[in-house]
Number of protein chains: 2
Amino acid sequence: MFYTIGEMAQKLNVAPSTLRYYDKEGLLPFVERSSGGIRMFKDEDMDWLRMLGCLKKAGMPLKEIRTFMDWSRQGDTTIGQRLDLIEKQRQSVLDQQKQLEDTLLMLDYKRWYYQTAQEAGTCAVHDAMPLDQIPERFRPLKEEWKKEQ
Amino acid sequence: MFYTIGEMAQKLNVAPSTLRYYDKEGLLPFVERSSGGIRMFKDEDMDWLRMLGCLKKAGMPLKEIRTFMDWSRQGDTTIGQRLDLIEKQRQSVLDQQKQLEDTLLMLDYKRWYYQTAQEAGTCAVHDAMPLDQIPERFRPLKEEWKKEQ
DNA sequence: ATACAACTTAAAGCCAACTTTAAGTCAAGC
DNA sequence: GCTTGACTTAAAGTTGGCTTTAAGTTGTAT
C-alpha cells in the first residue's frame, strides 16, 4: 500500500512542502519513487516520520535528526552512538519538564495575582498584602526572587 | 543600586546584545538611562526580566510578551486581558507537558531498544521478539503505532 | 485524447530571534 | 588629559525551519 506525498502529509497533519523539505535535507532517504519520479510512501515510513515528529517536539534540531538517520542506515556498528544521542535527548526532555514546572508555578501565581486584582478592581490590592494572604504554594517563589537579586 | 547592561546580562546569563534587542523591541521600557545615555538596570528590573525569561521558555513569542508589557503599563483597565493571556499560556504549558510525556515514553522505548541491541550486538534481536519480552510500559506504544497506520 | 489536479524541482522569500559589524561615545584609572 | 574597555546606535548578517513561486511533469477520469 502506497501513499502520495499529499496523502502522507494529511495523515501526519503537516504540509506537503514540509515533507519535501525533510526529504531534501536527507531525513527521508527511504522514500521510494514511481517510474515517473513521484514519491511513494509506505506504511512503515510512518514509524520513522512519527519518531521524527517526536524528536522534533523534543527540541532536537533537524541536523541532529539527520545524523541519527544516517547512523541508522550505517547498521549495527553505530548502536552506541545512537544510544548516546537518545540518552542526551532524554536528559534534555527531563530538563525541559523541570523548566515547564517552574514556568507553570509562575503562571499559576500570576493567574492568582490577576484573579485577585480583578475581584478588587485594581492591582494595588497586592501592594501591601501580608505574606499570610498569599497562597502557600506561591510563597517560596517570592522568597526565591528576593534571594537572587 | 544600578547595573550596566553587561552586569545585568551576566546575572541573567544572556548576551548584552540580547538585552539591547529586547529593549529595541519595546520589552524593557522601564530601563533608565544615565545622562550620557548608558542603560542603568535596577534590582527590581530583574523581576520583569525573570518573568520575561519564564514566558519565553513557555514558548510565548516576544510580540505577545510585548503586548503583555504594554497592558501592564496601561494600568488596571487591562487586568482582564492580562488574565486571559496568562490563562492561555498556562493551557499551552499544560499541553506542552503532555507532549513531553509522550516524547519521554518514546525515548525510553528507544533507549531500551538500543540498550538491548547493544547487549546483543545487533538490532536484529528485535526483529522476531515476542510481545511478552517487551517491557509492559512500551506495549501500548507499539499498539498505538499499528492502529494509526 | 484531453483536461485537470497533484505531483516534480530549484530558487527565492519569510519569520523569529538573535548576533555581528561599523562607527562612534562614555567613564574610570593612571 | 589620555588610554582603555564597556557602552551607544543603526544596519546588515545569520540560523533554523519552513513556505512560496515558477515552470514543468505525471497520472487519473472522462
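Heads up: the structure comes first, above all this text.
Residues numbered from 1 in each chain as written. Chains lettered and ligands numbered in written order. Predicted model: local features only at pLDDT ≥ 70, side-chain atom pairs only at ≥ 80, totals over all residues. Heavy atoms only, no water.

Tell me what's going on with the overall build of chain A, and back it up with residues and numbers.
Looking only at helices and strands, chain A features six helices and three strands. Ordered by position from N to C terminus, the α and β elements of chain A give β-α-α-β-β-α-α-α-α. In terms of C-alpha radius of gyration, chain A reaches 24 Å, well past the compact-globule figure of 15 Å for 149 residues. In terms of overall dimensions, chain A has a C-alpha envelope of 75 × 35 × 25 Å along the principal axes. When the accessible surface of chain A is totalled, it reaches about 8400 Å², and 48% of it is carbon and sulfur. Mean positive and mean negative side-chain charge positions of chain A (23 and 24 charges, respectively) differ by 5 Å. (Helix = DSSP H or I, 4+ residues; strand = E, 2+ residues; numbered from the N terminus. Rg over C-alpha atoms; globule rule 2.2 N^0.38 Å. Areas by Shrake-Rupley, 256 points an atom, 1.4 Å probe, with all protein chains shown as cover. Lys, Arg positive; Asp, Glu negative; His and termini not counted. Charge placed at Lys NZ, Arg CZ, Asp CG, Glu CD.)

Give a description of the sheet that holds strand β2 (residues 32-33) of chain A that names residues and reports values.
All names here are of chain A. An order of β1-β3-β2 is seen for the three strands of this open sheet, with the pairing classed as antiparallel. The two strands at the open ends of the sheet, each matched to only one other strand, are β1 (2-3) and β2. Judged from the two bridges that link them, β1 and strand β3 (residues 39-42) form a sheet pairing that is antiparallel. Residue pairing in the sheet places Tyr3 in a bridge with Phe41 of β3. (Pairing = 2+ DSSP bridges.)

Quick one: what's the story with the protein's contact with DNA strand D, residue by residue and with numbers?
In the region of DNA strand D, 20 residues are neighbours, and Thr18 of chain A together with Thr4, Gly6, Arg20 and Arg39 of chain B sit closest. A share of 82% is what sugar and phosphate atoms reach among the atoms of DNA strand D within 4 Å of the protein. Ser34 of chain A has a polar side-chain atom sitting 3.0 Å from a phosphate oxygen of DNA strand D. Within the side chain of Arg20 of chain B, one N or O atom sits 2.7 Å away from a phosphate oxygen of DNA strand D. (Near = heavy atom within 4 Å. Polar contact = N/O pair within 3.5 Å; in protein donor to acceptor, adjacent residues only side chain to side chain.)

Can you break down the nonpolar core residue by residue, with the values?
Side chains of nonpolar character tend, in soluble globular proteins, to be buried together. In terms of nonpolar packing, the biggest core is built from 85 residues, with Leu28 and Phe41 of chain A together with Leu28 and Phe41 of chain B touching the most fellow members. If we ignore the near neighbours within four places in the chain, the residues touching Leu28 of chain B are Leu19, Tyr22, Asp23, Phe41, Trp48, Leu49 and Leu52 of chain B. (Core = buried A, V, L, I, M, F, W, Y, C linked by side-chain atoms within 4.5 Å. Buried < 20%, exposed > 50% of the residue type's maximum accessible area, 1.4 Å probe, protein only. Contact = heavy atoms within 4.5 Å.)

Describe the relation of the copies chain A and chain B, and please don't skip the residues or the numbers.
Once chain A has been moved 0.0 Å along the axis and rotated by 180°, it coincides with chain B to within an RMSD of 0.2 Å. With respect to symmetry, the two chain copies, as superposed, fit the operation of a two-fold axis. Within chain A, Gln97 of chain A has its C-alpha nearest the rotation axis, a separation of 3.2 Å. Most of the interface of chain A is mirrored in chain B, where 100% of its interface residues again form contacts. (Least-squares fit on C-alpha atoms with pLDDT ≥ 70 in both.)

With reference to specific residues and values, describe the protein's contact with DNA strand C.
Close contacts around DNA strand C come from 20 residues, with Thr4, Arg20 and Arg39 of chain A together with Thr18 and Tyr22 of chain B the closest. Arg33 of chain A places a polar side-chain atom, nitrogen or oxygen, 3.1 Å from a phosphate oxygen of DNA strand C. A distance of 3.3 Å is found between a phosphate oxygen of DNA strand C and a backbone nitrogen or oxygen belonging to Leu62 of chain B. For the surface near DNA strand C, the secondary-structure elements that each account for two or more residues are α1 (5-12) of chain A together with α2 (16-24) and α4 (62-74) of chain B.

Tell me about the interface of chain A and chain B, residues and numbers included.
Tallying the contact residues gives 45 residues for chain A and 46 residues for chain B. Taken over both partners, the interface formed by chain A and chain B buries close to 4400 Å², and the fraction arising from carbon and sulfur atoms is 67%. Taken together, chain A and chain B are joined by four salt bridges. Here Glu87 of chain B makes a salt bridge to Arg111 of chain A, at a shortest N to O gap of 3.8 Å. Mapped onto the side of chain A that touches chain B, the elements with two or more residues apiece are α3 (45-57), α4 (62-74), α5 (79-120) and α6 (139-148) of chain A. Looking at the side of chain A that touches chain B, its residues break down into 19 nonpolar, twelve polar and 14 charged. (Buried area = accessible area lost by both parts, 1.4 Å probe. Salt bridge = Lys/Arg side-chain N within 4 Å of Asp/Glu carboxyl O. Nonpolar A, V, L, I, M, F, W, Y, C, P; charged D, E, K, R; others polar.)

Hey, could you go over the packing of α1 of chain A against helix α2 (residues 16-24) of chain A for me, with residue numbers and the actual values?
Residue and element names in this part refer to chain A. Two numbers describe how α1 lies on α2: the axes approach to 8 Å, and their chain directions differ by 105°. Taken as axis vectors, α1 and α2 run roughly perpendicular relative to one another. Here Ile5, Gly6, Met8, Ala9 and Leu12 of α1 come into contact with α2, specifically with Pro16, Leu19 and Arg20. (Axes fitted to C-alpha atoms, helices over the stretch in contact; angles between N-to-C directions. Parallel < 35°, antiparallel > 145°, perpendicular 65-115°, else oblique.)

Talk me through the pattern of salt bridges; I want residue IDs and the actual numbers.
Per the stated rule, a full pass over the model turns up 22 salt bridges over all chains. The closest approach of N and O atoms between Lys88 of chain A and Glu64 of chain A, which form a salt bridge, is 2.7 Å. On the criterion of sequence distance, the pair formed by Lys88 of chain A in helix α5 and Glu64 of chain A in helix α4 is long-range, its members being 24 residues apart. Between Arg39 of chain B and Asp23 of chain B there is a salt bridge, and its shortest N-O distance comes to 2.6 Å. Note that Arg39 of chain B is positioned in strand β3 (residues 39-42) and Asp23 of chain B in helix α2, a separation of 16 residues in sequence.

Summarise the pairing of β3 of chain B; cite the residues concerned and give the values.
Each regular strand carries side chains that alternate between the two faces of the sheet. Residues and elements named next belong to chain B. In this sheet, β3 lies alongside strand β2 (residues 32-33) in antiparallel orientation, the contact comprising two bridges. Bridge pairing in β3 links Glu32 to Met40. Turn length for the β2-β3 hairpin, with the two strands adjacent in sequence and antiparallel, is five residues, and the turn residue Gly37 shows positive phi of about 95°.

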